[in-house]
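Structural overview for review
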Amino acid sequence: GYGVALALGGDYTPTGNLAIRVENILFPSNHDGYSWVLTSLMFGAMTACGMFCTEVLRSGKSAIRKILLLACLGILLLVGGLIWEHWEPAIKRIYTLSFTAQALGYGVLMLTLLYIVIDVCHVQRGWGIFLA
C-alpha cells in the first residue's frame, strides 16, 4: 500500500513526493529531508523481517536449513528490490519499497554470513562486537 500511495501521490523529487509533503503538513518547522510518518509502515516491515529471521535462528531446524531459509529470503528481497527499482527509485529519505527491500536483502544476507562464520564454523575470535 505504501508503494502505491507514493506512486499515486506525487513524484519522487525531494519536494514532490507524498511522504515529504505529509511530513511538511504535520511538522512544518521540523523538517530535515527525511520522512517519518508514512515511512513508519516500512519500519514495521523491517521489524517483521527481523522477527522472522530471529525465529528462524532460534528454531530447532538444522544449520543447513537455517542457512537456506535466510539466504533465500535475502536473495528474494534483494532481487525483488532491484526489479521493483525499474518502477520506483530506491530513495533512502522516504524509504521507498525498492530501497527497503534492497536494504533488507543485504541485511539478511549479511546475517546469514555471520551465522555461518560464527555459529556454524565457530570462528569467534575478533567477533566480540557481534557476540555481545
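Look up: the structure comes first, before these words.
Residues numbered from 1 in each chain as written. Predicted model: local features only at pLDDT ≥ 70, side-chain atom pairs only at ≥ 80, totals over all residues. Heavy atoms only, no water.

1. A look at the environment of Ala71
Stated formally: Working definition: helices are DSSP H or I runs of at least four residues, strands are E runs of at least two. Numbering for both runs from the N terminus. Whether two residues are in contact is decided by their heavy atoms, any of which lying within 4.5 Å being enough.
On the secondary structure map, Ala71 appears in helix α4 (residues 63-84). Considered as a pair, Ala71 and Leu109 are 38 residues apart in the sequence and their alpha carbons are 5.8 Å apart. Ignoring sequence-local partners within four residues, the contact set of Ala71 consists of Leu109 and Thr112.

2. Here's the deal with the nonpolar core
Which entries qualify depends on this criterion: The nonpolar core is taken to be a set of buried Ala, Val, Leu, Ile, Met, Phe, Trp, Tyr and Cys residues, with the residues joined through side-chain atoms within 4.5 Å. To sort residues, take the accessible area from a 1.4 Å probe on protein chains only and compare it with the maximum for the residue type: under 20% means buried, over 50% means exposed, and anything in between is partly exposed.
Core analysis: the biggest nonpolar cluster contains 8 residues, these being Tyr2, Leu6, Leu18, Ala19, Ile20, Met42, Ile94 and Tyr95. Of all the elements in the fold, those that place two or more residues in this core are α1 (2-8) and α2 (18-26). Here this core gets 3 residues from one element, more than from any other, and that element is α2. Apart from residues lying up to four places away in sequence, Ala19 is in contact with Tyr2, Leu6, Ser35, Leu38 and Ile94. Of all hydrophobic cores here, the second largest spans 7 residues; its members include Cys49, Cys53, Leu77 and Leu104.

3. Observations concerning the packing of α4 against helix α5 (residues 97-120)
How we decide: As a rule, the C-alpha atoms of each element are fitted with a line to give its axis, helices using only the stretch in contact, and angles between N-to-C directions run from 0 to 180 degrees. Angles are sorted into four bins: roughly parallel if under 35 degrees, roughly antiparallel if over 145, roughly perpendicular if 65 to 115, and oblique for all others. Take the far helix as the reference: if the near one is turned anticlockwise from it by less than a right angle, the crossing is left-handed, and if turned clockwise, right-handed. For this classification, Asp, Glu, Lys and Arg are treated as charged, while Ala, Val, Leu, Ile, Met, Phe, Trp, Tyr, Cys and Pro are nonpolar and the rest, including Gly, are polar.
The contact between α4 and α5 brings their axes to 7 Å, and the two run at 155°. Between α4 and α5, the crossing angle belongs to the class labelled roughly antiparallel. Between α4 and α5 lies a crossing of left-handed hand. Residue composition of the contact of α4 with α5, by class: 19 nonpolar, 6 polar and 1 charged.

4. Quick word on α2
Basically, it comes down to this: By the criterion applied in these results, polar contacts are pairs of N or O atoms within 3.5 Å in which, for protein atoms, one can donate a hydrogen and the other can accept it, and in which residues neighboring in sequence qualify only through two side-chain atoms.
Those residues of α2 not exposed but buried are Leu18, Ala19, Ile20 and Glu23. Along its buried surface, α2 packs onto α1. Its side-chain oxygen 3.2 Å from the backbone nitrogen of Ala19, Asn17 forms the N-cap of α2.

5. Some remarks on the packing of aromatic side chains
What counts, and what does not: Centres within 6.5 Å make a pair out of two Phe, Tyr or Trp rings, where for Trp the six-membered ring is used; the pair is then stacked when the planes are under 30 degrees apart, edge-to-face when over 60, and tilted otherwise.
Counted according to the given criterion, the structure contains 5 aromatic pairs. Taking the centre distance of 6.1 Å and the plane angle of 45° together, the rings of Trp36 and Phe43 count as tilted. Note on Trp36: relative accessible area 46%, which makes it partly exposed. Following the ring pairs from residue to residue traces out a cluster consisting of Tyr34, Trp36, Phe43, Tyr95 and Phe99.

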